[in-house]
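Fold and contact review
This is what each chain is made of:
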Amino acid sequence: MNTPSTFPLVLGLDTFGDVTSDADGHPLSHAQTIRDIVEQGVLADSVGVDYFGIGEHHTDDFPLSAADVVLGAIAARTQKIRLGSAVTVLSSDDPVRVFQRYSTLDAISGGRAEVILGRGSSVDSFPLFGYNLSDYEELFEEKTNLFAELLKGSPVTWQGRTRAALTNQDVVPHTEHGPFPTWIGVGGSPQSVVRAARYGFSLMLAIIGGSPARFAPFAGLFHEALEHFGRPLLPIGVHSPGHIAGTDEQAQAEFWPRYLEVISHVSKTRGFAVPSKASFDHEIGPEGALYVGSPETVAQKIAANLPALGANRFDLKYAMGGLSQEKLMTNIELYGTQVIPRVRELLG
Amino acid sequence: MASTTQISPARPRIAVLGAGHVGTAFARVAVDAGYDVSIAASGDPERIALIAQILTPGAAPRWAVDAVTASDIVVLAIPLHRFAAFDPSLVRGKIVIDLMNYWAPIDGVQTMFEDPRYGSSEIVQHRLADSTVVKAFNHIGYHELESERREPGSPDRRALGVASDDPAALDTVATLVDRIGYDVIRLDSLRAGRVFEPGGPVFGVLVNYEEFEDAVERRVAA
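An account of the accompanying structure is given in this report. For clarity, every value in this text was computed on a predicted model and none was experimentally measured.

A closer look at the interface of chain B and chain A
Chain B puts 23 residues into the contact, and the matching count from chain A is 23 residues. Counting residues per element, the ones that place at least two in the side of chain B that touches chain A are helix H1 (21-32), helix H2 (49-55), helix H4 (104-107) and helix H6 (142-147) of chain B. For the side of chain B that touches chain A, a count of residues per class yields 11 nonpolar, 9 polar and 3 charged.

Remarks on the packing of helix H2 (residues 67-76) of chain A against helix H3 (residues 95-108) of chain A
All names here are of chain A. Put simply, H2 and H3 touch, their axes get as near as 9 Å, and they point 10° apart. Considered as vectors, H2 and H3 are oriented roughly parallel to each other. Between H2, through Asp68, Leu71, Gly72, Ala75 and Ala76, and H3, the contact on the second element is made entirely by Arg101, Tyr102, Leu105 and Ile108. Its residues placed into classes, the contact of H2 with H3 shows 6 nonpolar, 1 polar and 2 charged.

Quick look at the environment of Ile284 of chain A
All names here are of chain A. Within the secondary structure layout, Ile284 lies in helix H9 (residues 277-284). A residue is classified by how many C-beta atoms lie within 10 Å of it, and Ile284, with 24 of them, is buried. For the pair Ile284 and Leu151, spaced 133 residues apart in the sequence, the C-alpha separation amounts to 39 Å. When neighbours within four sequence positions are excluded, Ile284 is seen to be in contact with Gln252, Leu290, Val292 and Gly293.

What to know about the packing of helix H10 (residues 295-308) of chain A against helix H11 (residues 325-347) of chain A
Residue and element names in this part refer to chain A. Relative to each other, H10 and H11 sit at 40°, their axes nearing to 9 Å. Taken together, H10 and H11 sit at an angle that is classed as oblique. Of the two elements, H10 crosses H11, and the hand of that crossing is right-handed. Contacts from Pro295, Glu296, Val298, Ala299, Ile302, Ala303 and Leu306 of H10 reach H11 at Leu334, Gln338, Val339, Arg342, Val343, Leu346 and Leu347. Looking at side-chain class alone, the contact of H10 with H11 contains 11 nonpolar, 1 polar and 2 charged residues.

Parameters at a glance
- Residues numbered from 1 in each chain as written.
- Chains lettered and ligands numbered in written order.
- Predicted model: local features only at pLDDT ≥ 70, side-chain atom pairs only at ≥ 80, totals over all residues.
- Contact = placed C-beta atoms within 7 Å.
- Helix = DSSP H or I, 4+ residues; strand = E, 2+ residues; numbered from the N terminus.
- Nonpolar A, V, L, I, M, F, W, Y, C, P; charged D, E, K, R; others polar.
- Axes fitted to C-alpha atoms, helices over the stretch in contact; angles between N-to-C directions.
- Parallel < 35°, antiparallel > 145°, perpendicular 65-115°, else oblique.
- Buried ≥ 20, exposed ≤ 12 C-beta atoms within 10 Å, placed from the backbone.
- Left-handed = near helix turned anticlockwise from the far one by under 90°.

Below is the structure:
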């Protein structure tokens, strides 16, 4: 089994670029939200967070469409933190451009870039870039295949149906130290687990609702598939939403109204149920997917779930839309200074 | 619609078409409930052998045609946007459980399902004219299907809706739902089953028998 001892323990933060609010609760501009995210990334580095990831979105309430530009700004002001996507919607992007943008980030950051590839979590990108959502499976398969070729280094020769062919193509910039770490984000599709193993990419499990334990069989499937394809063992990570404040009560009081508003809004377009206080209480408990509470509560839950899922990495998706910059900065600081050391201690 | 569907007496055999997140979750709970289950994706079963071995132990991976031939109930767990290309003759004479939903923001606009006169399962039934369609399992999340199962009589047992135009098929699937671990709300037509659809009162909401009945009655009265 893949335990935290097989690979180093990695504790990161992810944001979807949720629009933040000022002290009076009014939404800030897209521009200010983006500048604030740069500050969040810089703070994350200074308090010892291992990874800072930005999830591509294309909507008014998640205006982070060009994650790599923001990551470049953070890279220029940080030393140690690894930087990447969470996720890049590869199905509606050009793998050549994704490679170029993240190998550029790798250059700026001195080898700290990573990519988490996703099939279609943010469906808004499909019509925006002229893709048919019904084709997401074929698009993702082909583009993952090309991305794996690009990571091997130039020259690249490839052909498929979703993009112009490449023949002995030099794709620049070349990376300094070989391929940067690449993950596939999986929300529940077994085929995506097998696909990650087939290409030798690490597995990031996006657990955003329900019991984390139900994902445990995916770790088994990933290991079995890696063996089947003759590949070495690879890391498994977990991405889940949450919020940290001084006490459980404070974290819940800050997070719940924002969560209710955001999920209610999303439910109108995505068919989710509107959460109730009872369903929320279940989600923040041991059987649920949300990490909301004091540093100790959140650390205990991370430390309980990582071994159960055979995972060595946890990325907390912080920044539920409408929280203030001040609360997000507190969240980041508590995560870096208290949660991370405590999880390391618990998993010692 | 097939007038009589012969069912083996004890536990009907189930073919799950689709080995994605929904198909594998369904296959697991059906195996747990004591059913003979096979699972198929498009093409060679070798392609899903690993998935079946790890995620659905006890469910045999087969070619779709072999799985369906050796089954009494077919569970259609394919992405809805693939349904237009699905061959109706594959499931002729079978009970077909339709657990798909049409939600244009996620599936993209599917012309076939854009007819406001019908619910999505009625449209599936029109296309699968030689099969008996039963609408069930569409309004519970695949990730809840396993964790929310309870023994009969448990105080926190949830209810799931089953709708069909065919009373015998309705009985067969109602028994399956109960054996998997849920109380059953029966609606005697696919038309009535529209109440289970996205945007309706029970979609994505975990409710017990009484709450479900109340929600459906309120909707019918409205």
